[in-house]
Amino acid sequence: MEGEEEENVGPFRRTSARTRRMATRMASALASSDNRAQAALARLEALENDNAGPEVVDPNDDDEYGSDDEEDHVLMQKKQSKNMKRKTRQGKALEKKAARSFMDVLHEANLESLPPHVPTYSRAAVGPPSTSSRRYYCSVCGNAANYTCVRCGTRFCSCRCQVIHNDTRCLKFVA
Amino acid sequence: MTGGSGVVVLDNGGGLLKAGFGGDMNPTAVVPNCMAKPPGSKKWLVADQLQAQDVDVTGMALKRPIDRGYLINTEVQREVWERVLRNLLQVDPTNSSLLLVEPQFNPPALQHATDELVFEELGFKSFCVADAPSLVHLYEASHQPSLFRAQCSLVVDCGFSFTHASPVLQNFTLNYAVRRMDLGGKALTNYLKELVSYRSLNVMDETLLIDDAKEKLCFVSLDVPGDLRLARLSSKDNPFRCSYILPDGITYKKGFVKDLDEARRYCSLPANGESANNDSAESDRSKFEDKKKPELSQNEFVLTNERFLVPEMLFHPIDLGMNQAGLAECIVRAIQACHPYLQPVLFESIIVTGGSTLFPRFTERLEKELRPLVPDDYQVKIIAQEDPILGAWRGGSLLAHRPDFESMCITKSEYEEMGSMRCRRRFFH
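All values reported here derive from a predicted model rather than from experimental measurement.

Trainee: Before we move on, could you go through the overall build of chain B and cite the residues and values that matter?
Mentor: In terms of helices and strands, chain B carries 15 helices and 20 strands. Looking at chain B as a whole, 58% of its 429 residues qualify as buried. In chain B, the proportion of contacts linking residues at least 24 apart, taken out of those at least 6 apart, comes to 69%.

Trainee: Quick rundown of the environment of Val178(B)? Include the residues and the values.
Mentor: Within the secondary structure, Val178(B) is located in the loop between strand 13 (172-173) and strand 14 (179-181). Counting along the chain gives 137 residues from Val178(B) to Ser41(B), while the straight-line C-alpha distance between them is 44 Å. Look past the residues within four positions of Val178(B) in its chain and what remains in contact with it is Ala124(A), Gln104(B), Phe105(B), His164(B), Ala165(B), Ser166(B), Pro167(B) and Thr173(B).

Trainee: If you had to explain the UniProt feature "domain: HIT-type" (unreviewed entry) in chain A to someone new, which residues and values would you point to?
Mentor: Mapped onto this numbering, the UniProt entry annotates "domain: HIT-type" (unreviewed entry) at residues 138-170 of chain A. Segment residues 138-170 of chain A splits into 33% helix and 12% strand. End C-alpha atoms: 13 Å apart.

Trainee: So what about the pattern of salt bridges? Which residues, and what values?
Mentor: Within the structure shown, the criterion is met by 15 salt bridges over all chains. When the shortest N-O distance is used, the salt bridge between Glu121(B) and Arg78(B) registers 2.8 Å. One end of the pair, Glu121(B), is in helix 2 (residues 108-121); the other, Arg78(B), is in helix 1 (residues 74-89), with 43 residues separating them in the sequence. For Glu121(B), a relative accessible area of 44% puts it in the partly exposed group. Measuring nitrogen to oxygen at the nearest pair gives 2.8 Å for the salt bridge that ties Arg365(B) to Glu312(B). Of this pair, Arg365(B) sits in helix 12 (residues 362-370) while Glu312(B) sits in helix 9 (residues 306-315), and the two are 53 residues apart along the sequence. On the basis of relative accessibility, which here comes to 5%, the residue Arg365(B) falls in the buried class. On the basis of relative accessible area, Glu312(B) is assigned to the buried category, the value being 0%. Three or more residues joined by partner-sharing salt bridges are found here, namely Arg135(A), Glu312(B), Asp319(B), Arg365(B) and Glu369(B).

Trainee: Please give an account of the domain arrangement of chain B that cites residues and values.
Mentor: All names here are of chain B. Segmentation of chain B into domains returns domain 1 (7-132 + 392-427), domain 2 (135-183 + 324-384) and domain 3 (185-270 + 296-313). Computed over C-alpha atoms, the centres of domain 2 and domain 3 are 29 Å apart. The interface of domain 2 with domain 3 comprises 11 residues on the first partner and 16 residues on the second. Taken over both partners, the interface formed by domain 2 and domain 3 buries close to 1300 Å², and the fraction arising from carbon and sulfur atoms is 62%. If you sort the residues of domain 2 by the area they bury against domain 3, Phe359, Arg361 and Arg365 come out on top, with a joint share of 50%. Across the contact surface, domain 2 and domain 3 share one salt bridge. The tally of links between domain 2 and domain 3 comes to eight residue pairs in polar contact (both at pLDDT 80 or more). Across the side of domain 2 that touches domain 3, the residue classes tally to five nonpolar, two polar and four charged.

Trainee: Describe the sheet that holds strand 5 (residues 45-46) of chain B, naming the residues involved and giving the relevant values.
Mentor: Spatially, three strands are ordered 5-4-6 (chain B) in an open sheet, and the strand pairing comes out antiparallel. Only two strands of the sheet have a single partner each, and these edge strands are strand 5 and strand 6 (61-63) of chain B.

Trainee: Could you give an account of the sheet that holds strand 17 (residues 300-303) of chain B, naming the residues involved and the relevant values?
Mentor: Residue and element names in this part refer to chain B. Here three strands make up an open sheet; going across it, the order is 16-15-17 and the pairing antiparallel. Unpaired on one side and paired on the other, strand 16 (256-257) and strand 17 mark the two borders of the sheet. The pairing of strand 15 (residues 242-245) with strand 17 spans four bridges and is classified as antiparallel. Across the sheet, the residue bridging to Tyr244 is Phe301, located in strand 17.

Trainee: Give me the lowdown on the interface of chain B and chain A, citing residues and values where you can.
Mentor: By convention, interface size is frequently given as the accessible area that disappears when the constituent parts associate. Each side of the interface is counted separately: chain B has 54 residues, and chain A has 48 residues. Sorting the residues of chain B by area buried against chain A places Arg68(B), Arg180(B) and Tyr198(B) first, and these three jointly supply 18% of that buried surface. At the boundary of chain B with chain A, the tally comes to four salt bridges. A salt bridge links Arg135(A) to Asp319(B); its shortest N-O distance comes to 2.9 Å. In this assembly, chain B and chain A are joined by 21 residue pairs in polar contact (both at pLDDT 80 or more). Grouping the constituent residues of the side of chain B that touches chain A by class yields 27 nonpolar, 10 polar and 17 charged.

The rules behind each value
Residues numbered from 1 in each chain as written. Chains lettered and ligands numbered in written order. Predicted model: local features only at pLDDT ≥ 70, side-chain atom pairs only at ≥ 80, totals over all residues. Heavy atoms only, no water. Helix = DSSP H or I, 4+ residues; strand = E, 2+ residues; numbered from the N terminus. Buried < 20%, exposed > 50% of the residue type's maximum accessible area, 1.4 Å probe, protein only. Contact = heavy atoms within 4.5 Å. UniProt positions renumbered as here; feature names shortened; annotations may be inferred. Salt bridge = Lys/Arg side-chain N within 4 Å of Asp/Glu carboxyl O. Domains from an automatic or database assignment. Buried area = accessible area lost by both parts, 1.4 Å probe. Polar contact = N/O pair within 3.5 Å; in protein donor to acceptor, adjacent residues only side chain to side chain. Nonpolar A, V, L, I, M, F, W, Y, C, P; charged D, E, K, R; others polar. Pairing = 2+ DSSP bridges.

Below, the structure written as structure tokens:
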């Protein structure tokens, strides 16, 4: 089915490729509940983020510019070799700079291999709650939310908030 | 400027770094443990430079040495420590000892990296690590000995990166019973950031400003459904509504709360629906009507129910989608993992500490949540530290001032001879 759609898109690629691509991605995201779970996980993960600024993004951008814009073969080669050099140096710098995240360290420490009576980081986690179930708050105004958006699963509390949600925020996480 | 002992005590928190000399009452420096760079500038500001009056923190890029509570990026950490040691404490590491507060369950790889940083890069003479709960207990037990006759307590450390409930017995943390919630001040700030960005103004890059707004405006609600209902009222009657003004870089370099009286209005609300304070609330309201209502400018955002829904997550992380028990249950589980004889005593001596407990009404709410979970023949007593941010540091200061402190340390020569692993055995974890 996807192939068919792609073919249909073919002649109009210039005008509609972007929206189409978004649409298919959205559709697939909607089809599986797994994607929603992933979005939820990503959101939780983001709670531990710092705004590290543009620093991390910079080198990649640079590379793209370097390799894309060339037509001339010789120049290309030159540029490539230059690029390679730069890449390796950058790679080194990045390796040094990009400190491992705590999760990597935890993975390396291989805590599962320890005998069960040893207290470790992973065994100290509280575990799931027993008494309370999840309460939902409206994504627009924060009130207790009784309704769920059928498209993206976000919560809202009233008709008014639903309109706002549909107009401006719907599918923000999955798209 | 060296303190009496020449021992540097460092509570290396994920948010704030507390540094000073053993034996002192208060740390010499309490600075953000991070490096930040204003947009468009190349120069990184380190630690105390961020606190300067004329620094505008808008849009700063941040680097923190600590990820999820553990020291990950030693290079950033070295810069921050060097700044603190040389400029603020003015000590020479080669003639001083270091007492470092280390997170619990620090993986060996990170312990090793810390040792390397302390001995090889900074060159301290000797080094000792301690964990925060035992230090907090030490401080409280030496200040109010009558409360801790049983020599044990449950320390709830609700900090920047995570929250621990740790039973302490005779100054040792019972680490088999420690329970951790992966939610702290940082996650709350980021959550508030997300809510504000989603609802009014994009502040996703303003961690430091939102941190400030959170500290000044958030509080813990004692009755969430009731407060939510009140928060629905229109702006004039809404007791929670208040606005925070972002710096514009010209007249204001720092963000601030627009109207402090307005921000404190929730305090006068009657608790549990009693109508005792109605009159004063009425007069308050008329006072506010007099004020000219300023129009919403580009540089401010309004908070209403966010003010209590954000700290609420500490008590119900499941509302965020995080599959973890809340703070009260975390405490109960930690205590239930201890010996049954210890349990009643631990419920009677719960010490809450850490920066995230500074939300107004935190203790009351915790007590309210905890009571139904505890067997009714046990007493529940929650002791709030007078200065929760400095609790662990002050304990460290006491420990460093003890005559036998030097014997607890590992010295540089021992480290060089035996290496990190061997030396660490001395610290029992």
